[in-house]
Amino acid sequence: MRLAIIGTGYVGLVTAACFAELGHDVVGVDSDAAKIETLRQGRVPFYEPGLEGLVTSNLSEGRLRFTTAIAEATADSEILFICVGTPPLPNGDADLSAVETVMREIASAMDGYRLIVEKSTVPVQTARWLSELAQQYIRPGVAFDLASNPEFLSEGTAVRDFLKPDRVVLGCNSDRAAGLLVQLYAPLNAPLLVTDINSAELIKHASNAFLATKISFINSVATICERTGADIEKVAKGIGLDRRIGPAFLQAGIGYGGICFPKDVASFIQLAAKVDVDFGILKAVAEVNTFQRQHVVDLVREALGGSLAGQTVGVLGLAFKPNTDDIREAPSLTVIAELLAAGATVRAYDPVAMPHTKGIFPGITYADDLYAAVTGVDALVLVTEWEAFRHPDWLRIKQLMRRPSIIDGRNLWEPSKLLHLGFEYRGIGRGTHHPAPAPVRV
Ligand SMILES: NC(=O)c1ccc[n+]([C@@H]2O[C@H](COP(=O)([O-])OP(=O)(O)OC[C@H]3O[C@@H](n4cnc5c(N)ncnc54)[C@H](O)[C@@H]3O)[C@@H](O)[C@H]2O)c1
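A quick note: this is a predicted structure, and the numbers were derived from the prediction, not measured.

### Section: the nonpolar core
Now for step 1: Judged by nonpolar contacts, the single largest core of 59 residues is most densely connected at Ile6, Phe81 and Ile82.
Now for step 2: At nine residues, helix α1 (residues 10-21) tops the list of elements feeding residues into this core.
Now for step 3: Contacts of isoleucine 82, omitting those with residues within four sequence positions, involve Ile6, Gly7, Val99, Val102, Ile116, Val117, Glu118, Lys119 and Ser120.
Now for step 4: One finds Leu339, Leu370, Ala379 and Ile397 within the second-largest nonpolar core, a separate group that totals 40 residues.

### What about the environment of glutamate 233?
Now for step 1: Examined against the element boundaries, glutamate 233 turns out to sit in helix α10 (residues 232-240).
Now for step 2: Spatially, the C-alpha atoms of glutamate 233 and histidine 391 are 19 Å apart, while their sequence positions differ by 158 residues.
Now for step 3: Beyond its immediate stretch of four places on either side in the chain, glutamate 233 contacts Asn411 and Arg430.

### Considering the site of the ligand
Now for step 1: Near the ligand lie 26 residues; those nearest to it are Gly7, Gly9, Val11, Ser120 and Thr121.
Now for step 2: When residues of the shell around the ligand are traced back to their parent elements, those giving at least two are α1 and α5 (97-109).
Now for step 3: For the shell around the ligand, a count of residues per class yields 11 nonpolar, 10 polar and five charged.

### Observations regarding the pairing of strand β6 (residues 144-148)
Now for step 1: When you tally the buried positions in β6, you get four out of five residues, the bulk of the element.
Now for step 2: Both strand β5 (residues 114-118) and β6 contribute to a ladder of five bridges, which runs parallel. Note that in β6 the partner of leucine 115 across the bridge is aspartate 145.
Now for step 3: Regarding the hand of the β-α-β motif, the stretch spanning β5, helix α6 (residues 126-137) and β6 is right-handed.

Parameters and conventions
Sequence order as written defines residue numbering, which begins from 1 separately in each chain. Totals for whole chains, interfaces and linings use every residue, but because this is a predicted model, local features are given only for residues with pLDDT of at least 70 and side-chain atom pairs only at 80 or more, for both listing and counting. In this description, a nonpolar core means buried residues of the types Ala, Val, Leu, Ile, Met, Phe, Trp, Tyr and Cys, linked to one another by C-beta atoms lying within 7 Å. For every residue, the other C-beta atoms within 10 Å of its own C-beta are counted; 20 or more classify it as buried, 12 or fewer as exposed, and values in between as partly exposed. C-beta atoms are placed from the backbone. A run of H or I in DSSP counts as a helix once it spans at least four residues, and a run of E counts as a strand once it spans at least two, with each numbered from the N terminus. Distance between backbone-placed C-beta atoms decides contact: two residues are in contact if it is within 7 Å. Only the C-beta atom matters for this test: placed from the backbone, it must lie within 6 Å of a molecule or strand for the residue to be near it. Each residue gets one of three labels, nonpolar for Ala, Val, Leu, Ile, Met, Phe, Trp, Tyr, Cys and Pro, charged for Asp, Glu, Lys and Arg, and polar for the others, Gly among them. One bridge is not enough; two strands pair if DSSP finds at least two bridges between them. When the strands point away from the viewer, a crossover counts as right-handed if the path from the first strand over the helix to the second runs clockwise.

As structure tokens, then:
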């Protein structure tokens, strides 16, 4: 099939490369000319394991190309996927302006039937609005279908997630659209769920909202653990072994970040309000997540005797999660800003995300590796649980730190081992002995 993928970011580029890998003729489109130039040279402008190899091989085999021209891509393609960003507006609503621009350009360029697919995460009923918008620009007599095919990939495992999804959701209002999308996705051998468009759009928001809820739920239980001497790791295991609950997304820590969960939770709350539903659970989820970041900073302050002023803090991990260089809504940004505001000096290290953070925090020290990051620090806070941080040389770290104080914002390390080695250890909900933090709504 001839496909156009509009927006070549984390979702669009993975979609384009994977469909090309499956044998389709794919054009990737982006308004960012510099990005398109980089992609034409076979280089991926962000870190995503396995993606660059797919891009280069499919470029050289002629199944994948890149352009900035939506009109050209529309002329050449049967199915067009909209994969542009939908960032949050200040009130929490999704900013659909990029989706709107793309829809206008596609509609104006269409000279015959096209299937236009929303892959960007959008609020329910967006397709209805886009369809009305398209009618204003489309030439008389030209037919089209709109469909919703929300994307569930996770950065860091995006290629695998795309090629081996738990399910593919296809929101379609016509047999023609459903037929095309079922044919396109059939080679993945994944469960295909064909629904109406509104339901497909809602499935995406509800999925992310539910995952965020699991995270905030376990983090609230972790706070109770801290105040009662229970161990959240054991509690989470005990909960997760129940097949009705499952172990995923029950890791207590600094909370969620990234481009999806914070904005999708906010957007879902806004959407609910527009249809007179007070989504109180989700409001609490967002509140707990804010508390959690602050709590980690409070643990650092407590470890340093109540004041951060004049102290040096090592920060391990800047990406919002491991195996990506994405720092959008990353907890590290909040932690570093708070540490600096309180008068601390920061030494940071991340295996791949440092170039993105340098523009935001030009004044902190960026270390060459983990050991350089801990050198001379009064406390070390783990923000992102990169696998490379799991088994460091603790004796070397102890020698390098000015004070051996660890704040484990992801519960990556074994407290008994660190205590035995002479470190002070503070994790999240692990029965450590520190004063109760301020009350939080749970
Ligand atoms: N990143 C994820 O993990 C993930 C997962 C599932 C769904 N999503 C959703 O997918 C969508 C895209 O997310 P992303 O992380 O890939 O975003 P991104 O910011 O990485 O990529 C968006 C791309 O769209 C391009 N773009 C913007 N306006 C354009 C226009 N008018 N014409 C052509 N290109 C344009 C940008 O230049 C950019 O390259 C969002 O709605 C997001 O919520 C993201």
